[in-house]
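Coordinate inspection notes
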Amino acid sequence: MEASIKDPYSDLSDWVERAKGGEVTAFEQVVKKSRKLVIKVALPLVERHQLEDVVQETYLKVHQHLHQLQKANSFVPWLARIAVNCCHRVRKKTPLVVESRETDQTVDPTSGLATKLDLRQALQELKEFDRNILVLRELLGLSYEEVAYALLLPVGTVRSRIHYARKKLKKRMSLEE
Amino acid sequence: MKSYEELWSEMAHEADEIGLVELPTASLGAPPERPQAVQRYQRAVLNGTVPLLLFALMGVLLNQWGSLALVIFAGCLVSLPFVWLIRSLLPTEVAVRPLWLIPAGLLAGGLAEVSSALTSLLIKEPEVTVHLAVEGTQRSLERFLSPLHLTAYVVVGLFWFLFLPRLRRTLYYLDTKPVARGRRVAGVVALVVVPAGLLAWLALSASWDERHQEWFKEMEGERFASFSQPGLSTLPFSESLINFPTLRLTGMARTASAERERGAIIPRSDRERLGRALAYRLNSLGINNRGYQPLSQLYIRFALNFGFEDYPVLDWPHAGWHLVNALTSLPGSQEELKLRKEELDQLRQAIPTPVEQIDRLVLGLIADQYYEPQPLTDAWGGRDGVRRGLRVLGYDLKLSPTQFEKRFVNKRLLDFWLNLREEMVGLTPEQQRKRLAAEFGPAPHGYPQTLRDKYIHEWVQATSVDKLVPYLETAELVLRLHESFLKTGRYSEVSTDARWEIGIEGERFTIRDQEISSPGNTWKGGK
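Throughout this document, residue positions are counted from 1 along each chain, in the order its sequence is written. Chains and ligands are labelled sequentially in the order written, the chains with letters from A and the ligands with numbers from 1. Only residues with pLDDT of 70 or above have their local features reported here, since the model is predicted, and side-chain atom pairs are shown and tallied only from 80 upward, although totals for entire chains, interfaces and linings are computed over all residues.

1. Focus: the overall build of chain B
Put simply, DSSP H or I for four residues or longer makes a helix, DSSP E for two residues or longer makes a strand, and each gets a number counted from the N terminus. A tally of helices and strands in chain B yields 22 helices and five strands. Once local pairs closer than 6 in sequence are excluded, the contacts in chain B between residues at least 24 apart make up 70%. Each residue is represented by a C-beta atom placed from its backbone, and any two residues with such atoms within 7 Å are regarded as in contact.

2. A few points about the overall build of chain A
When helices and strands are tallied, chain A shows eight helices and zero strands. In chain A, buried positions account for 41% of the 177 residues. When contacts within chain A are restricted to residue pairs at least 6 apart in sequence, long-range pairs at least 24 apart make up 67% of them. The exposure label follows from counting other C-beta atoms within 10 Å of a residue's C-beta, where the C-beta atoms are placed from the backbone and the thresholds are 20 or more for buried and 12 or fewer for exposed, leaving partly exposed in between.

3. Digging into unusual backbone geometry
Even without being a glycine, A:L152 presents a positive backbone phi close to 55°. A:L152 gets classed as partly exposed once you count the C-beta atoms within 10 Å, which come to 17.

4. Brief notes about the packing of helix 2 (residues 24-42) of chain A against helix 4 (residues 75-93) of chain A
Residue and element names in this part refer to chain A. Between helix 2 and helix 4, the least distance of the axes is 9 Å, while the angle of their chain directions is 45°. Compared by their axis directions, helix 2 and helix 4 come out oblique. Every pair of crossing elements has a handedness; the one defined by helix 2 and helix 4 is right-handed. Two secondary-structure elements touch here, helix 2 through S34, L37, V38, V41 and A42 and helix 4 through V76, L79, A80, A83, V84 and C87. Following the grouping adopted for this structure description, the nonpolar residues are Ala, Val, Leu, Ile, Met, Phe, Trp, Tyr, Cys and Pro, the charged ones are Asp, Glu, Lys and Arg, and the polar ones are all others, Gly among them. In the contact of helix 2 with helix 4, the residues fall into ten nonpolar, one polar and no charged. A fitted line through C-alpha atoms represents every axis, and for helices the fit uses only the stretch in contact; the resulting angles, taken between N-to-C directions, go from 0 to 180 degrees. Any angle that falls under 35 degrees is termed roughly parallel, while one over 145 is termed roughly antiparallel, one within 65 to 115 roughly perpendicular, and all others oblique. Crossing handedness: left-handed means the near helix sits turned counterclockwise from the far one by under a right angle, and right-handed means the same turn made clockwise.

5. Section: the environment of B:S296
All names here are of chain B. As for its placement among the helices and strands, S296 is situated in helix 14 (residues 292-306). By the C-beta count within 10 Å, which is 23 here, S296 ends up buried. In the structure, S296 is positioned 29 residues away from N325 in sequence and 9.3 Å away in space, judged by C-alpha atoms.

6. Some points on the packing of helix 2 of chain A against helix 3 (residues 51-65) of chain A
Residue and element names in this part refer to chain A. Following both chains from N to C, one finds helix 2 and helix 3 inclined at 135°, their axes separated by 10 Å at the closest point. Accordingly, the angle class assigned to the pair helix 2 and helix 3 is oblique. Remark: the crossing between helix 2 and helix 3 carries right-handed chirality. On helix 3, the residues that touch F27, V31, R35, V38, I39 and A42 of helix 2 are L51, V54, V55, T58, Y59 and H63. Residues of the contact of helix 2 with helix 3, tallied by class, amount to nine nonpolar, two polar and one charged.

7. Here's the deal with the sheet that holds strand 5 (residues 522-526) of chain B
Residue and element names in this part refer to chain B. Two strands pair if DSSP finds at least two bridges between them. Read across the open sheet, the three strands follow the order 3-4-5; overall the sheet is antiparallel. Among the strands making up the open sheet, the edge pair consists of strand 3 (500-505) and strand 5. Strand-to-strand twist in this sheet, taken as the mean axis angle between neighbours without regard to direction, amounts to 15°. Sitting on the sheet, helix 22 (residues 469-488) is in contact with strand 3, strand 4 (508-513) and strand 5, with an inclination near 160° to strand 4.

8. Details of helix 8 (residues 155-172) of chain A
All names here are of chain A. A helix is expected to reach a length of 1.5 Å times the quantity of its residues less one. Along its 18 residues, helix 8 runs 26 Å from first to last C-alpha, staying within 8% of the 26 Å computed at 1.5 Å per residue. Within the span of helix 8, buried status applies to V158, R161, A165 and L169. Where helix 8 terminates, the next one or two residues include S174, which has phi positive at roughly 55°.

9. A look at the pairing of strand 3 of chain B
Residue and element names in this part refer to chain B. Across six bridges, the pairing between strand 3 and strand 4 is antiparallel. When the sheet's bridge partners are listed, E501 is paired in strand 4 with R512. Between strand 3 and strand 4, which pair antiparallel one after the other, the connecting turn spans two residues, and G506 there sits at a positive phi close to 65°.

10. Section: the confidence of the model for chain A
All names here are of chain A. Confidence of the prediction at every residue is given by pLDDT, a number between 0 and 100. When pLDDT is averaged along chain A, the result is 80; 80% of the residues meet or exceed 70. Of all helices and strands in chain A, the one with the weakest mean pLDDT is helix 5 (residues 112-125) (70), whereas helix 6 (residues 128-139) scores best (91). Predicted confidence for residues 1-6 stays below pLDDT 50, and this span has 17 contacts to residues more than four positions away or in other chains.

11. What about the confidence of the model for chain B?
Residues and elements named next belong to chain B. Averaged over every residue, the pLDDT of chain B is 73; the share at 70 or more is 72%. Note that pLDDT drops below 50 for residues 222-237; the model gives that stretch 29 contacts with residues more than four away or on any other chain. Note that residues 369-386 has pLDDT below 50 and, in this model, 27 contacts with residues that lie over four places away or in other chains. Model confidence for the complex is summarised by a pTM of 0.55, with the ipTM given as 0.82.

12. Things to note about the nonpolar core
For this analysis, nonpolar core means a set of buried Ala, Val, Leu, Ile, Met, Phe, Trp, Tyr and Cys residues linked through C-beta atoms within 7 Å. Of all hydrophobic cores here, the largest spans 60 residues; its most connected members are A:V41, A:A42, A:V54, A:L79, A:A80, A:A83 and A:C87. Top element by residues in this core is helix 4 of chain A. It accounts for eleven residues. With sequence-adjacent residues up to four places away left out, A:C87 is seen in contact with A:V41, A:A42, A:L45, A:V46 and A:V54. Counting 18 residues, the second largest nonpolar core, distinct from the first, contains B:A56, B:C76, B:F82 and B:A108.

Set out below in structure tokens:
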């Protein structure tokens, strides 16, 4: 499986291989280069103050289980899988609170903050299944195969659900034409 | 208003701008290089190996419940390679596709049952081992395809199906290993190509060729004739011994003999029942009884037709002794003497040559009418089990592994016999017997070691019926003595070779046959 977003993670596979071999500095590089990716996964899924916990827990798991990653070029979707699951665990401890759009009158609906908040709100209203698919596909730019690998789903399921989830999200945000 | 793509792009940009406290990764040390045992186990659970193994072990336990602990243990051990092979046929992420797992589990369980059946084989003879293996396979398949077993597998499979998502979420960090291409090829070959090839080869091997068809044509009378005597096969043996009148018994024996001479095949169980009843009645009459002589003649004729080896109560040396004994009393007239001579000629002509006798045995074996050499009979626990169709969910299919195997063995047997037969046809009976005996391999402790030797041993036994010939020759001598008495009023010397010692004292005579071993080679007769 090839990671579809090459630019920021192009040399990650080499570092992963070296980290698997037990190199401490290589592992530090892996963390450094992939950290933004974990934050991207976590940002729409947990509260801002929970990001630190998610990142820490994710890399702890990566450190413990990196040796059993079969292929280094599967690292990105594998990391995304761990991050998604860590978000799930953190959210179980402290559920995400998103204010209702109907009651939130203080935010100007034309501002950028409002649209970002709306996107987060709309995502929270989706099923977890659909939300995770959209985050990995739209925010991380993973391929269908990578999303399937990350979420342990058949590729066919990912293909069919992503279309449905997009439509639902647009409808929630009243973006549908 | 911003577009859908712009909203996601803004969120990505926001994520890029977030600065978090640096992680103290150096304090974690180097990542471990090897998985721990518990992690290996977790991975085996998720890639389907452990569930398959559980299915297989369940199959062994269900099938072997009540067997020796050693057999169960061996069955569990043998199931491991099957699971290993089946696992290679499954997708890597089998855990997310439980529907793959259920049929694979069924297959693993079934193969493990079959393999556990093989572990109970301790017999060293290869043919019998193969035979038992095929039988074990069929029985295991039948158990596996029974409603009880299938229900158990489906219930466990559904349980796994419900339990799996929870387990997968718990062990989300595991990356299941894809099966290597080489192992996948090995799995396909072992589980698909080899069994399919074996079945095709068996099907081709088990078909009759032109040579066999010619022999069948020659034997056509034997093959297609049938015999049915109402009440014969349903008659309990004890009843025939105690309650059957001699007249009815002899009537049945005459009918059976006549049918046999006509070429009919009579089931072995019926022949045995009737033959034993005749022998028992003959022994219980006593030699001075009026009915002894005709019954003795009838019995010998019956036994000649069906083979003396069937009746341990009165086997061929006894039959010969009875025959000569039956002739030692002086006939009342020339007509009676003539009838006895004719009867004797008929008996001599009725003795089959070894080739004819073996033809009957082989044909009977192939036509499944009679004769099954040991230890196959014991191994199957009765003849009825040999050629039964495969039972699936209570229904009998027409084909089964045992039927295939039986046809294969029959063909090999017939090939062997036809090759031998070509050499034996044209030889004298004695030469035929010698040629047959030459085929018999070394037999430590007097027991044949291979199935082939067992067949030959049976054939040698069956063809020994013409050892009755010396008795018939002695009987002919007795009749010649009687003939001289009827002509001159006293017994006189008849020309014989040195084989017989004849002693004459007026109206009595004594004959000792040196060709027949003592005791049982001396007869006294006369007026």
